[in-house]
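Read off the chains here:
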Amino acid sequence: MRVLIVEDEPNLQRQLKVALEGAGYAIDAASDGEDGHYLGSTESYDAVVLDLGLPEIDGLTVLDRWRKEGHTMPVLVLTARDSWSDKVAGLDAGADDYLAKPFQTEELIARLRALIRRAAGQATSELTAGGVRLDARSGRVTLNGEPVKLTAQEFKLLSYLMHHKGKVVSRTELIEHIYDQDFDRDSNTIEVFITRIRKKLGPELISTTRGLGYSLNDI
Ligand code: CA
């Protein structure tokens, strides 16, 4: 899962980036509304954290433009203070959730997780496919109740496929959603990760549709 942070306060931006990377997300960050709008329009994100008070273009305008352009990714807005008018304006502009500053990073992560889950049509943070369970909250994966150790990239890939269970996901889509912008994206590594996940969780879990991509099965 890949998340865009648009926040002009350097310390807060860094703090959020570190916390969200620690929670298993690929993160891009922008420090003003213009860059933020550009990234959100041209890259693929599973969710966006958008500050409202931004230089260049304010957050509400950025959000309004994205929605008018047809970008539907879930957006959580950060309001500078506990102001009801900011919240109402944010929701009216198409925000999916809001959080007033100052906030606990844990709450932000929990809200993002819920937004991403809902956007994927999942009701709980525990995702299952056959004997495989992925707890998006703890980041733990088990096979028939036994813990399985995955690398950060394997976890990101599995988590994306589990959020889109039954759907064929192309290699390009996977690359767009598990790597941040600065990552050296080599599409061959996807095949390597898939092979490793199959080794750890069973060969039947992920099937390959030649020329189209991969899908996760309820085996
Ligand atoms: Ca700000």
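Residues numbered from 1 in each chain as written. Predicted model: local features only at pLDDT ≥ 70, side-chain atom pairs only at ≥ 80, totals over all residues. Heavy atoms only, no water.

1. Some points on the domain arrangement of the chain
Here's step 1: Parsing the chain into structural domains produces domain 1 (2-119) and domain 2 (126-216).
Here's step 2: One C-alpha centre belongs to domain 1, the other to domain 2; they are set 25 Å apart.
Here's step 3: With both chains or domains summed, domain 1 and domain 2 bury close to 1,100 Å², and 49% of this area falls on carbon and sulfur atoms.
Here's step 4: In terms of surface lost to domain 2, no three residues of domain 1 exceed R2, S44 and R113, which account for 39% of the buried area on that side.
Here's step 5: Counting across the domain 1 and domain 2 interface gives 0 salt bridges.
Here's step 6: At the boundary of domain 1 with domain 2, the tally comes to 6 residue pairs in polar contact (both at pLDDT 80 or more).
Here's step 7: Within the residue set of the side of domain 1 that touches domain 2, elements represented by two or more residues are β2 (26-30) and α5 (105-119).
Here's step 8: When its residues are assigned to classes, the side of domain 1 that touches domain 2 shows 6 nonpolar, 2 polar and 6 charged. (Domains from an automatic or database assignment. Buried area = accessible area lost by both parts, 1.4 Å probe. Salt bridge = Lys/Arg side-chain N within 4 Å of Asp/Glu carboxyl O. Polar contact = N/O pair within 3.5 Å; in protein donor to acceptor, adjacent residues only side chain to side chain. Helix = DSSP H or I, 4+ residues; strand = E, 2+ residues; numbered from the N terminus. Nonpolar A, V, L, I, M, F, W, Y, C, P; charged D, E, K, R; others polar.)

2. Some words on the coordination of the calcium ion
Here's step 1: Around the calcium ion, the protein contributes the donor atoms D8 (OD), D51 (OD) and G53 (O), which lie 2.2 to 2.3 Å from the metal centre.
Here's step 2: Using a relative accessible area of 32% as the deciding quantity, one classes D8 as partly exposed. (Donors = N, O, S within 2.8 Å, 3.2 Å for Na, K, Ca; no water. Buried < 20%, exposed > 50% of the residue type's maximum accessible area, 1.4 Å probe, protein only.)

3. Considering the pairing of β2
Here's step 1: Of all 5 residues in β2, 4 are buried; the element is thus mostly enclosed.
Here's step 2: For strand β1 (residues 2-6) and β2, the ladder comprises 5 bridges, and the chain directions are parallel. Bridge pairing in β2 links V6 to A30. (Pairing = 2+ DSSP bridges.)

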